Amino acid sequence: MAQIRVENLRKSFDQFTAVEDSNFTIDNGSFFALLGPSGCGKTTTLRMIAGLELPTDGRILLNGEDVTFRRAAERDIAFVFQLFALYPHMDVEQNIGFPLKCQGMKRREARERVLETARLLRIEHLLRGKTSKLSGGDRQRVALGRAMVRRPKAFLMDEPLGALDAEFRALMCGELRELHDRISATTVYVTHDQHEAMAMADRIAVMNAGRIEQIGVPQEIYDRPASMFVADFIGSPPMNFLHFEAGLAPGDRAVKFPHASVAIPEIREAKAPGPLVLGVRPEHIRFADAAPVRGRVFGAEYLGTTQIVTVDTEQGQVKARLPSSLAVQVGEVVGLTFRSDALSLFDAQTGVAIRTATYASAGHG
Amino acid sequence: MAEVTLRQVSKRFGPIEAVRDLSFAIDNGEFVVLLGPSGAGKTTTLRLITGLERPDSGSISIDGRDVTQDPPGTRDIAFVFQQYSLYPHLSVYDNLAFPLRSPARRVPEATIRKRVEQTAELLHIAGKLGNKATRLSGGEMQRVAIGRALVRDPSIYLMDEPLSSLDAKLRAELRLELKRIQVELGATILYVTHDQVEAMTMASRIGVIKDGELLQLGTPREIYENPNSRYVASRLGTPQINFLPASLIPEIAVPPATEVVGIRTEHLQIAATDGGGIVGRVHRIEHLGDQNHVHLEYRGQMLITLADPHQPLQANQDVGLKLIDPLFFDAAGRRIAATVH
């Protein structure tokens, strides 16, 4: 198994910079997600780790060894693509065993390996079957088996669940993570779906326009997003942004809206007067008649135990996650309170989080 | 707007019974959502109401008038399809005006202009009226498609999964918009979908349909809190409701004839292990951000519940499980009312 280290990695295509100065270390046996919208550079990063793309600058180390210019086949890494191409004329056992046959492994030994792999994936009963008869999920398991059977140092996966419908994707997420726990292989997983990254990964790197905006464990990224981009990309509904103008000084414990003062975690940096954004997660908003931040209910969406209530305020539209037992009328004016210790603040121009008592320990910039 | 009533409507296609003995009424100004998987009979129901299909038996009335034998054109219905079918060579304005310019209607051009502008305003596409239909984003195109139904003032709008081709963010936005427009216009809508979130967030009432049969009709809250069967209970709620054989939890008092206990995440709390009670083992934890999904193993069965993300829990840890007002079902999957203790 392997530790993967990426140092000052950069990739340009002509004028276009796909990946800019990336640095991260993926611990041996961990599940690492590269998360971001299409075109953010996540797949290019993955392809450089695989050796399918050469970096313009920087280094890639596998277990401390520089493999930057080594060919893909010599890196001992398995790549799992979004669309699984199985060989239709072979049965499941032959499909899984194919990489071993190419290596020239003895048939007896190869059979053992295939069986062991099938056992891990819980598809032993399918080994004799034709691939054309398989369900979507089983095809995926067979394709994974073909990647696993060589016992590579690491798995690289590029949106392997992208083509599946929502319900099945949730199921496969669970299966992939459980498989990872059984074999503890270092995994780099590329996705644009924050649910997948949050549900599966030990650590997430959120990418935007070729740059890594934040790296951290899922809860850290959710609780203390380093930028407005991250705050908006993670969570459903995403973090609310309330826009206002103010200056900040270290020690401040409140911010002033035109008609209200809002308690915040203690400020740890000075900020000249300018446009700022208060970031509030939907579950940290409550209604209170007397609260000074006022808004008008635009809509309420019932979701079972909770409801999402959309409220128009002077600072922008916000969505609150509230118990569904609360009666809400469209059009009524409500007061909003925020859980002060869970708030984020951003510089509206740069989008970067402002240091506060809760953000002080967070990895910054 | 008008109310629509179906009475014991059945329709077969060869050996397949697409819709069986379907009876329900959509009240004036109501937003009814038929929720079911593909092949449940949702689209057939819409086609029967429009007159594109004739029922084998039963009757359909609109605003008190029996229309069962009437041709589609006379039924005064507007239809919105899953795939927005706009005229690519026409502007947004002309696309919206098209239904009003039908020779059969003879609407004066001034009236058309007024209706089109009002509709565009309502859908927040007023600034795009001069654009070619092909120069719009996916969300704007679907707004125009919905707008083309709205410019008319039909008895009822029938919508067949109109949001399913859009991405998640846009879908969430248009869900809220569509509900707002419906309330503002007082429109009567029958909407079919397989997406439970669309059904729960927009419907005045949800009809859960399966294999051509309407299993339950009620407000989202009624359907979620008081499902009449195991199947209906499994249709609403994310993550899906847990089912446990009653025999596995003898510690819990259940009504007579209970075979299966249905446990939603809010019915299952993780408590301290204090000796007594039922004990499960944490199998895996999934982060959602605002909550954690906790997968638990209990006597060989997997259960899922929600927990605060900052509650310290670890895989393989034993935890106490507390059941709070779960749902009970008999051997046939029918709901059994909880007995009052």
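1. Considering the sheet that holds strand β10 (residues 213-218) of chain B
All names here are of chain B. Strand order in this open sheet of six strands is β6-β7-β8-β3-β9-β10, and the pairing throughout is mixed. The outermost strands of the open sheet, each flanked by one partner alone, are β6 (77-80) and β10. Averaged over neighbouring strand pairs, the angle between their axes works out to 20 degrees when direction is ignored. Relative to β10, strand β9 (residues 205-210) runs antiparallel, the two being bridged by five bridges. Each residue of the ladder has a partner; that of G207, found in β10, is L217.

2. A few points about the confidence of the model for chain B
Within chain B, residue pLDDT values average 92, and 98% of them lie at 70 or more. The ipTM assigned to the predicted complex is 0.87, against a pTM of 0.88.

3. A few points about the interface of chain A and chain B
Each partner contributes residues to the interface: chain A has 20 residues there, and chain B has 19 residues. Considered class by class, the residues forming the side of chain A that touches chain B number eight nonpolar, six polar and six charged.

4. Focus: the pairing of strand β12 (residues 260-263) of chain B
Residues and elements named next belong to chain B. Of the two faces of β12, the one lined by V260 and G262 and the one lined by V261 and I263 are each fully buried. Of the pairings in the sheet, the one linking β12 to strand β18 (residues 327-329) comprises three bridges and is antiparallel in character. Across the sheet, residue V260 finds its bridge partner in β18, namely F329.

5. Points about the environment of B:T74
Structurally, the position occupied by B:T74 is in the loop between β5 (65-66) and β6. Considered as a pair, B:T74 and B:T50 are 24 residues apart in the sequence and their alpha carbons are 9.4 Å apart.

6. A look at the domain arrangement of chain B
Assigned domains of chain B: these are domain 1 (4-229) and domain 2 (242-336). Inter-centroid distance (C-alpha atoms) of domain 1 of chain B to domain 2 of chain B is 39 Å.

7. A look at the sheet that holds strand β2 (residues 16-26) of chain B
All names here are of chain B. Here four strands make up an open sheet; going across it, the order is β2-β1-β4-β5 and the pairing antiparallel. A single partner strand is all that each edge strand has here, and the edge strands are β2 and β5. In the sheet, strand β1 (residues 4-13) pairs with β2 via seven bridges, with the strands oriented antiparallel. If you follow L6 over to β2, its bridge partner there is F24. Contacts between helix α1 (residues 42-50) and the sheet are confined to β1, β2 and β4 (57-62), with β2 contributing the most and set at about 65 degrees to the helix.

Reading the values: rules and limits
Going along each chain's sequence as written, the residues are numbered from 1 onward. Chain letters and ligand numbers both follow the written order, the letters beginning at A and the numbers at 1. Totals for whole chains, interfaces and linings use all residues, but because this is a predicted model, local features are given only for residues with pLDDT of at least 70 and pairs of side-chain atoms are given and counted only at 80 or more. In this analysis, strands are considered paired if DSSP registers two or more bridges between them. Segments assigned H or I by DSSP are reported as helices when at least four residues long, segments assigned E as strands when at least two residues long, and all are numbered from the N terminus. Under this scheme, a helix contributes an axis fitted over its contacting stretch, all axes are lines through C-alpha atoms, and angles between N-to-C directions fall in the 0 to 180 degree range. You can read pLDDT as the predictor saying how much it trusts each residue, on a scale of 0 to 100. Each residue gets a C-beta atom placed from its backbone, and two residues are in contact if those atoms lie within 7 Å. Each residue gets one label: Ala, Val, Leu, Ile, Met, Phe, Trp, Tyr, Cys and Pro are nonpolar, Asp, Glu, Lys and Arg are charged, and the others, such as Gly, are polar. With C-beta atoms placed from the backbone, a residue is labelled by how many other C-beta atoms lie within 10 Å of its own: buried for 20 or more, exposed for 12 or fewer, partly exposed between the two. What counts as a domain boundary in this text is fixed by an automatic or database domain assignment.

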